[in-house]
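Examination of the molecular architecture
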Amino acid sequence: MTTVTAGNALMARAHLAGLLARGFAYPDEAFRQSLLSGEFAGGVGESCRQLGFRDRMAGLEAAVADVAGRDAYGLAGEHTHLFARNVLCPMNEASYLGAGGLASVRDIADVASLYNVFGYKVAPQAKELADSLPVELEFLGVLFAKQAYALEQGWKDRAKLCEAARATFVKEHLAAWLPRFAERVRKNARLGFYPALAGLAESLLSLEVIHLLHRPDDGPS
């Protein structure tokens, strides 16, 4: 029997967050090939197995098979349909907080400052804003990975810092808008791929909320 350590569980969450970030980004040729080859679904499935919700993969597997059976290039059109052009499902945090104007600028600056603390920067050539879903999911993965590494090295204070930052980031950012985003995706999608991704993102977020509500005060887990 394989023992799942705290570090392994954190790395499984880091891997899943990174794959979800990749899945929500615009589907370039490399991503389409990873869908057709089964690499993407396989990676997500392994992370889900380690996290104990492998059964939630069924929707994604069926959606990937549907995309591959049609034409993987059609996924680009679906991405544009949902997240660009008329923007049925805005993919950035500020669109869901309802403040607008300077408040939205402050929200983006707030999340960007948290990124800077951990040395995470959005590439200058990237099209995504700091509060976009792919960027926020990737940062969540970075926090998981940094905490796992700190635990491996025996750096308890650094591990606590990563977990505290994750709690703040989940509560004040992802949890504040991802469920509403996911609902819009389910309402407007024509293919099953993005609703399946959104459901997995919600599952990861729920796992985080449960974990952070019950985490012990004397250290990370």
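It should be noted that the structure appears before, not after, this text.
Described in the following lines is the structure provided in the data block. (Residues numbered from 1 in each chain as written. Predicted model: local features only at pLDDT ≥ 70, side-chain atom pairs only at ≥ 80, totals over all residues. Heavy atoms only, no water.)

1. Looking at helix H3 (residues 39–51)
- Taking 1.5 Å of rise per residue, 13 residues should cover 18 Å, and H3 covers 19 Å from first to last C-alpha, within 8% of that figure.
- Restricting attention to buried positions, one finds in H3 the residues Phe 40, Ala 41, Gly 43, Val 44, Gly 45, Ser 47, Cys 48 and Leu 51.
- Once H3 ends, the next one or two residues include Gly 52, with phi positive near 90 degrees. (Helix = DSSP H or I, 4+ residues; strand = E, 2+ residues; numbered from the N terminus. Expected span 1.5 Å × (residues − 1). Buried < 20%, exposed > 50% of the residue type's maximum accessible area, 1.4 Å probe, protein only.)

2. Some words on the environment of Glu 183
- For Glu 183, the location among the structural elements is in helix H9 (residues 156–188).
- Taking the C-alpha atoms as reference, Glu 183 lies 9.1 Å from Cys 89; in sequence the two are 94 residues apart.

3. A few points about the packing of aromatic side chains
- In the structure shown here, the tally under the stated rule is 18 aromatic pairs.
- Considering the side-chain rings of Phe 24 and Tyr 194, the 6.2 Å spacing of their centres and the 25 degrees angle between planes classify their relative orientation as stacked. Separated by 170 residues along the polypeptide, Phe 24 in helix H1 (residues 6–24) and Tyr 194 in helix H10 (residues 193–214) bring together distant segments of the chain.
- Phe 24 sits in the buried class, given a relative accessible area of 1%.
- Measuring from centroid to centroid gives 5.1 Å for Phe 193 and Tyr 194, while their planes differ by 80 degrees, and the two rings are edge-to-face.
- Here the aromatic residues Phe 24, Phe 31, Phe 40, Phe 83, Tyr 96, Trp 177, Phe 181, Phe 193 and Tyr 194 are joined through ring pairs into a cluster of three or more. (Phe/Tyr/Trp six-rings, centres within 6.5 Å; stacked < 30°, edge-to-face > 60°.)

4. Regarding the environment of Asn 188
- Relative to the assigned elements, Asn 188 resides in helix H9.
- Residues Asn 188 and His 81, 107 residues apart in the sequence, show an inter-C-alpha distance of 8.8 Å.

5. A closer look at the pattern of salt bridges
- One pass over the full model with this rule turns up seven salt bridges.
- The residue Arg 190 makes a salt bridge to Glu 78 at a minimum N-O spacing of 2.9 Å. With Arg 190 in the loop between H9 and H10 and Glu 78 in helix H5 (residues 74–83), the pair connects residues that are 112 residues apart, well separated along the chain.
- A relative accessible area of 56% means that Arg 190 is categorised as exposed.
- The buried category is assigned to Glu 78, whose relative accessible area is 1%.
- Residue Arg 186 pairs with Glu 202 through a salt bridge whose shortest N-O separation is 2.8 Å. Separated by 16 residues along the polypeptide, Arg 186 in helix H9 and Glu 202 in helix H10 bring together distant segments of the chain.
- Among the residues examined, Arg 186 registers a relative accessible area of 36% and is labelled partly exposed.
- Through salt bridges that share partners, Arg 13, Arg 166 and Glu 208 make up one connected network. (Salt bridge = Lys/Arg side-chain N within 4 Å of Asp/Glu carboxyl O.)

6. Things to note about the packing of H1 against helix H8 (residues 133–153)
- As a packed pair, H1 and H8 sit with axes 8 Å apart at the nearest point and diverge in direction by 160 degrees. Judged on the interaxial angle alone, H8 and H1 are roughly antiparallel. Judged by the twist between their axes, the crossing of H1 over H8 is left-handed. Judged by residue contacts, Ala 6, Gly 7, Leu 10, Met 11, Arg 13, Ala 14, Ala 17, Leu 20, Ala 21 and Phe 24 of H1 engage Leu 133, Pro 134, Leu 137, Glu 138, Gly 141, Phe 144, Ala 145, Gln 147, Ala 148 and Leu 151 from H8.
- Class assignment for the residues of the contact of H1 with H8 results in 15 nonpolar, three polar and two charged. (Axes fitted to C-alpha atoms, helices over the stretch in contact; angles between N-to-C directions. Parallel < 35°, antiparallel > 145°, perpendicular 65-115°, else oblique. Left-handed = near helix turned anticlockwise from the far one by under 90°. Contact = heavy atoms within 4.5 Å. Nonpolar A, V, L, I, M, F, W, Y, C, P; charged D, E, K, R; others polar.)

7. Focus on the nonpolar core
- Membership of the largest hydrophobic core comes to 63 residues, with the highest contact counts inside it found for Phe 24, Leu 60, Phe 181 and Phe 193.
- A total of eleven residues in this core trace back to one element, the largest contributor, which is H9.
- Once residues within four sequence positions are removed from consideration, Leu 60 is found in contact with Phe 40, Val 44, Phe 193, Ala 196, Leu 197 and Leu 200. (Core = buried A, V, L, I, M, F, W, Y, C linked by side-chain atoms within 4.5 Å.)

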